[in-house]
Structure formats: structure tokens, C-alpha cells
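Secondary and tertiary structure notes
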Amino acid sequence: MGFNCGIVGLPNVGKSTIFNALTSAGAQASNYPFTTIDPNVGVVDMPDERLDKLAELYRPKKVTPTTMEFVDIAGLVKGAAQGEGLGNKFLANIREVDAIAHVVRCFDDPNVVHVSGEVDPKTDIEVIETELMLADLDAIEKRLFKSEKTVKTGDKKLAEEVEFMRRLKDMLAEGEPVRRGVHSEEEAEWLGGYNLLSAKPVLYVANVAEDMVDKPNPYVDTVKGIAQAEGAKVVVISGQVEGEIAQLPKEERREYLAGMGLKESGLDRMIRAGYDLLGLITYLTAGEKEVRAWTITRGTRAPQAAGKIHTDFEKGFIRAEVFHFDDLIRLGTEQAVKAAGLLRSEGKDYVVKDGDIMLFRFNV
């Protein structure tokens, strides 16, 4: 798998409640800061109705969905970058994730104490962003100090990278997260090696009260405005409601959601949004033994997609036999897809599309 999303936010915003509902992992959720000291990790199935439809057609012995990993990281507080509230430990945990799901409290509840005394999504988001940027600024300044000492040797590439680091330093000093910058391909490669916190893609999760899921909410409007300004997505959910849904058997969940006029839960939307945030897509393999979903990054070519199944598939790749899920459902059978000329033989340069059903031919 290798793709994970860290759930971050201030203390008492509902992170662990949402994580529990996502993974049913039973992370401790209490009404006081720093309940989560070591990060809890949960692997969740990616919701995908296509697998159910393929299972009906192929009647396989096994159905295997693709998965995503969610990491519940302890609540950050103001001053985390200077070590407040075990901040250095928590920031180190965030460095290990691929993307960030930023949970923002969008509910009033006198029984759940807000760490700063009042609910204010704009300020809450700014506190987290500031701590991530301060940690990045410190990291870039240290890296820059070392690089500036060696750049005098006449290394042109290093000189260009030093100039790039100076631009990043200026961005961060002005309160601009690194992810909002426009970077060239080479700069993006350098950036990947720095592992900066504010460079990670962000999904905002607005956690609302149980009775406010589909009602106007000024707190949510604030979060949406901030997200829109940076081209980020927002998922609105109620951690309380999702926790209740997660306790139901699968069939009862569908009935519960249908009764609310919903096709999928808020957590399903959150998982899907996290998947999209990481630039991931799914291709499928189907047969009597197994129907399975496989995760790849958008733009992956056929041999590398084959390598997700086994490295030998990539090394000995000959070709891929490909047809699309939509064509299979429209025509009803694999034989009908072949008869319509929609099963193709693709070579090494083929870029795999979401929903492709693939069979790989290879030499051992």
C-alpha cells in the first residue's frame, strides 16, 4: 500500500472520534488535551461499488479492496514548533505521512472544552498552519546554512538549489505554506527530499454537531472559504453520527443512509477525498479466483502497474490486455466486450486509467 493520511488538528476537535469511526480501532477519545500521545494507525478499505458489481459477474472465491492508511496524530497546540505540548514529537509524526486531513471543530458544546476557550475555525486553522510553517522554517534555515557553506565550490546545481531554498525561506517567513508555491519539476524533486510539513497536500474535515450535518453552518462556511482560496477540498461530517453508523452491520448501514437520503457515509467521502488528494487511482483484476482493486498513482504506465502485483510482472512485462469497467457493465459480459472490439492489447507506454480491468502477459 504505502499511502497514508495523517489526521491532525487542535485538541478536542474530534480527531480520535473520527479515527475510531474510520477504522474501528478503538483509539482513546476523551475530553482533555493530549489523549493521543503515540499515533494510532488504522488501515481502511477504500469504498468501491465496482468490486460488488464485478463479484456478481465473476462469482470469485475472494474479493479484495484496495486500502488506505490513516494515522491519528495527537492534537497540536500553539507553540508546538518550540516543543509545547510534546510538539516536537507530534510534528515528527506528521513528517511521516503523505497527506494531511485537517479536522476543524465546527460545533458548539459546553461539555467539550475548546483549547483556546471559543470555537473559531479561522484561528484554529491558522494555529496549525503556523506551527507547521515554523517547523519548516527552522528545517530550511538549517539546511540552507549547511548548503551555503559548500556552494562556493562552484557547483552550479547546488547554487540553483540554494536559491530555491532561499525562496522557500522567504515564503515561510511571510506565512505562506510551501504547498501554495509553484515549483518546476526539478524544484519539486528537491522539495520531495526536504519532507516539509507545509508542503503536504491538505484536506479539511469540518466536524459538525449531530443535528447540523445538512444544515447551514457559519463555521463550515469559514472553512470552505479558506479551502477555496488555496484550491483545497472540504468534507463535512459529524464524528458522532459516523461513530454510530460504524457500529452497524454493513447492510444496516446502507438502510440507515438510504433513510437519510444519502448514498454513502461522510467517512466514505473522507476516504475517497484522501485518495484523490494523494493523486491515486484504482485499476482492477477480475477472475474466478479473485476480484481485486489495486492502487497506483495517476500517470502510472502498464509495466509499473503490473509491478504492484509482483515485481516479476514488471521485469518480464510483454503486454497488458485491457478493457474498461464501464464497458463491461454496459455490455454485460467479457465476451460481449471482446465482440465489440473494446478489449485492447497495450504495450509498455500505456498509461493506466482509473477503472481499467487488466490482465498482464509476462516472461518469467
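Structure: see above.
Residues numbered from 1 in each chain as written. Predicted model: local features only at pLDDT ≥ 70, side-chain atom pairs only at ≥ 80, totals over all residues. Heavy atoms only, no water.

Description of the packing of helix 8 (residues 239-246) against helix 9 (residues 250-259)
Axes are the key here: two packed helices are described by the angle between their axes and the distance separating the axes. Where helix 8 contacts helix 9, the two axes come as close as 9 Å, and the packing angle between them is 140 degrees. It follows that helix 8 is oblique to helix 9 by the angle criterion. In this structure, helix 8 uses Val 241, Glu 244, Ile 245 and Ala 246 to contact helix 9, whose residues at the interface are Arg 253, Tyr 256 and Leu 257. Split by residue class, the contact of helix 8 with helix 9 holds five nonpolar, no polar and two charged. (Axes fitted to C-alpha atoms, helices over the stretch in contact; angles between N-to-C directions. Helix = DSSP H or I, 4+ residues; strand = E, 2+ residues; numbered from the N terminus. Parallel < 35°, antiparallel > 145°, perpendicular 65-115°, else oblique. Contact = heavy atoms within 4.5 Å. Nonpolar A, V, L, I, M, F, W, Y, C, P; charged D, E, K, R; others polar.)

A few points about the pairing of strand 10 (residues 317-324)
Looking along a regular strand, one sees the side chains alternate between the two faces of the sheet. With six of eight residues buried, strand 10 lies mostly within the body of the structure. Here strand 10 runs beside strand 12 (residues 356-362); their pairing, made up of seven bridges, is antiparallel. Across the sheet, residue Glu 321 finds its bridge partner in strand 12, namely Leu 359. Relative to strand 11 (residues 344-346), strand 10 runs antiparallel, the two sharing three bridges. Within the sheet, the bridge partner assigned to Ala 320 lies in strand 11 and is Glu 346. (Buried < 20%, exposed > 50% of the residue type's maximum accessible area, 1.4 Å probe, protein only. Pairing = 2+ DSSP bridges.)

Observations concerning the environment of Lys 289
The topology assignment puts Lys 289 in the loop between strand 8 (280-286) and strand 9 (290-297). For the pair Lys 289 and Val 63, spaced 226 residues apart in sequence, the C-alpha separation works out to 8.8 Å. For Lys 289, the residues in contact, after removing those within four places along its chain, are Pro 60, Lys 61 and Lys 62.

So far we have only geometry, and geometry alone does not tell us how the molecule works.
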